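Reading the structure
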Amino acid sequence: MPAAQHQKENVTSRRTSAAVSSVWPLDMVSPAIALAFLPLLLTLIIRYRYYFVLFYRAVLVRWVQDLLTGISREERVYQYILTHATAGDPDSVLDTFDHWCSKVEFISHIGPKKGMILDRLLKEHCPLTVLELGTHCGYTAVRIARSLPIGARLFSVEMDEGNARVAEKVIRLAGFDDDTVELIVRPSDEVIPRLREDYGVERLDFVFMDHWKRCYLPDLQMLEGSGLLGEGSVVLADNVIFPGAPNFLRHMRRSGLYEHRIHRATLEYIRGIRDGMAELVYRGVK
Ligand SMILES: C[S@@+](CC[C@H](N)C(=O)[O-])C[C@H]1O[C@@H](n2cnc3c(N)ncnc32)[C@H](O)[C@@H]1O
């Protein structure tokens, strides 16, 4: 064999063995790495199992049902209420909502546990004028309206027209007319500055915030600037722990404008995800 060819074969065989030795350890190591990661993976699955359940119920089930039924989740819940609840009976409407949301599909209403905190605060404060930001299908609007003293009014603000259509039907089905619950279909930052002029509001005794969390702080500051909060006005904000509203909580603690407390609870209709509502009582302008 000529020397040049011999040398070439030597190089090729060295390359091949180098390649084999670089593949072998990898083949040997990959199952070992996989095994090492298995406990970590299991720990993550166990630790975050409730978030997986939430994702499954709130996203996957909804997506499949949207495809199968061709109507929105909000219309589906309304049809269920229409066929299962007693018209004119707010308790029956709320129970039917709760049943659907815990057994059929997930909707982020405040639910019965946080609902009881809301009920208690409404009883304690007896507000005459209430503002709700984020009506969705009207669950909390019905919940608030049934606790109001005679003559009190709730202004409920919803920017999504589809949701508002369902909410309107739900609120009227539960037995509340326009004098008790007025639904305003516009974004909160357009409504708050016009409450005095367009709706004749002089003071807000109670504000319930349950719209997009990024709107909590700007809307609270807009309310402070509007002069509609008076001494003792209550602002109750849902989901301040999950998904969370850190800027809002920082302002609540640092502004000195409020006495405040957090009511700890769990996320509606899902066990195991911690959540809470912030109660702010306005100190008034000194
Ligand atoms: C979590 S849902 C409200 C649930 C409702 N409070 C309940 O518990 O029955 C949030 C709703 O707020 C509405 N929303 C979000 N940001 C808003 C805004 N800036 N102005 C008005 N509505 C808003 C959304 O369209 C959605 O329907």
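One structure accompanies this document, and this report is about it.

Conventions we followed
- Residues numbered from 1 in each chain as written.
- Predicted model: local features only at pLDDT ≥ 70, side-chain atom pairs only at ≥ 80, totals over all residues.
- Heavy atoms only, no water.
- Helix = DSSP H or I, 4+ residues; strand = E, 2+ residues; numbered from the N terminus.
- Buried < 20%, exposed > 50% of the residue type's maximum accessible area, 1.4 Å probe, protein only.
- Areas by Shrake-Rupley, 256 points an atom, 1.4 Å probe, with all protein chains shown as cover.
- Near = heavy atom within 4 Å.
- Polar contact = N/O pair within 3.5 Å; in protein donor to acceptor, adjacent residues only side chain to side chain.
- 1 Å grid on protein atoms, 1.4 Å probe; cavity = no way out; pocket = protein on both sides within 12 Å on 5 of 7 lines; lining within 4 Å.
- Sits in = over half its atoms within 2 Å of the grid points.
- Nonpolar A, V, L, I, M, F, W, Y, C, P; charged D, E, K, R; others polar.
- Points joined across faces, edges and corners; volume = space filled by probe spheres on them.
- Pairing = 2+ DSSP bridges.
- Axes fitted to C-alpha atoms, helices over the stretch in contact; angles between N-to-C directions.
- Expected span 1.5 Å × (residues − 1).
- Contact = heavy atoms within 4.5 Å.
- Core = buried A, V, L, I, M, F, W, Y, C linked by side-chain atoms within 4.5 Å.

**A look at the overall build of the protein chain**
Looking only at helices and strands, the protein chain features twelve helices and seven strands. Burial analysis of the protein chain (286 residues in total) assigns 44% to the buried set. If you sum the accessible surface of the protein chain, you get close to 15500 Å²; carbon and sulfur atoms cover 59% of it.

**Notes on the site of the ligand**
Neighbouring the ligand are 21 residues, the closest being Gly134, Thr140, Glu158, Ser188 and Asp210. Thr140 has a polar side-chain atom sitting 2.8 Å from a nitrogen atom of the ligand. Starting from 610 Å² of accessible surface for the ligand in isolation, the protein chains cover 96%. Among the detected pockets, the ligand sits in the largest pocket. Across the shell around the ligand, the residue classes break down as seven nonpolar, nine polar and five charged.

**Examining the layout of surface pockets**
Space inside the largest pocket adds up to approximately 820 Å³. Along its surface, the largest pocket is lined by 37 residues, and Ser108, Asp210, His211, Trp212 and Lys213 are the ones closest to its centre. Listing elements by their share of the lining of the largest pocket, those giving two or more residues are α2 (49-69), α3 (73-84), α6 (139-147), α8 (188-191), α10 (216-226) and α11 (240-244). The greatest single-element share of the lining of the largest pocket, amounting to three residues, is contributed by α2. Volume-wise, the second largest pocket comes out at about 170 Å³. Ser102, Ile110, Gly111, Pro112, Lys113, Lys114, Thr266, Leu267, Glu268, Tyr269, Ile270 and Arg271 together form the lining of the second largest pocket.

**Some remarks on the sheet that holds strand β3 (residues 181-184)**
With respect to topology, seven strands assemble into an open sheet ordered β3-β2-β1-β4-β5-β7-β6, the strand pairing being mixed. Among the strands making up the open sheet, the edge pair consists of β3 and β6 (258-266). Strand-to-strand twist in this sheet, taken as the mean axis angle between neighbours without regard to direction, amounts to 15 degrees. Alignment of strand β1 (residues 129-133) against strand β4 (residues 204-209), held across four bridges, turns out to be parallel.

**As for α2**
A rise of 1.5 Å per residue sets the reference length of α2, with its 21 residues, at 30 Å; its end C-alpha atoms lie 28 Å apart and thus fit the reference within 8%. Along α2, the residues that are buried comprise Tyr50, Leu54, Arg57, Ala58 and Val61. Buried-residue contacts for α2 involve α4 (90-103) and α11. At the exit of α2 stands Gly70, carrying a positive phi of roughly 75 degrees.

**A few points about the nonpolar core**
Of all hydrophobic cores here, the largest spans 50 residues; its most connected members are Phe97, Leu118, Ile144, Phe206 and Phe208. It is helix α7 (residues 161-173) that provides the largest number of residues to this core, a total of six residues. Once you skip the residues sitting within four places of it in the chain, Phe206 turns out to touch Leu118, Leu121, Leu122, Pro127, Thr129, Val130, Leu131, Val234 and Leu236. Judged by nonpolar contacts, the second largest core, of 29 residues, contains Leu195, Met209, Leu217 and Leu280.

**Considerations on the environment of Asp179**
Among the secondary structure elements, Asp179 is positioned in the loop between α7 and β3. Sequence separation of Asp179 and Ala152 is 27 residues, and the distance between their C-alpha atoms is 8.8 Å. The residues touching Asp179, leaving out its near neighbours within four places in the chain, are Ala152 and Arg153.

**Let's talk about the pairing of strand β7 (residues 274-282)**
Buried residues dominate β7, accounting for seven of its nine residues. Relative to β7, strand β5 (residues 229-237) runs antiparallel, the two being bridged by four bridges. Of the residues in β7, the one forming a bridge with Leu236 is Glu279.

**Thoughts on the environment of Leu257**
Examined against the element boundaries, Leu257 turns out to sit in the loop between α12 (246-254) and β6. Overall, Leu257 belongs to the partly exposed group, its relative accessible area being 26%. For the pair Leu257 and Glu224, spaced 33 residues apart in the sequence, the C-alpha separation amounts to 9.3 Å. If we skip the residues at most four places from it in the chain, Leu257 touches Glu224, His251, Val281, Tyr282 and Arg283.

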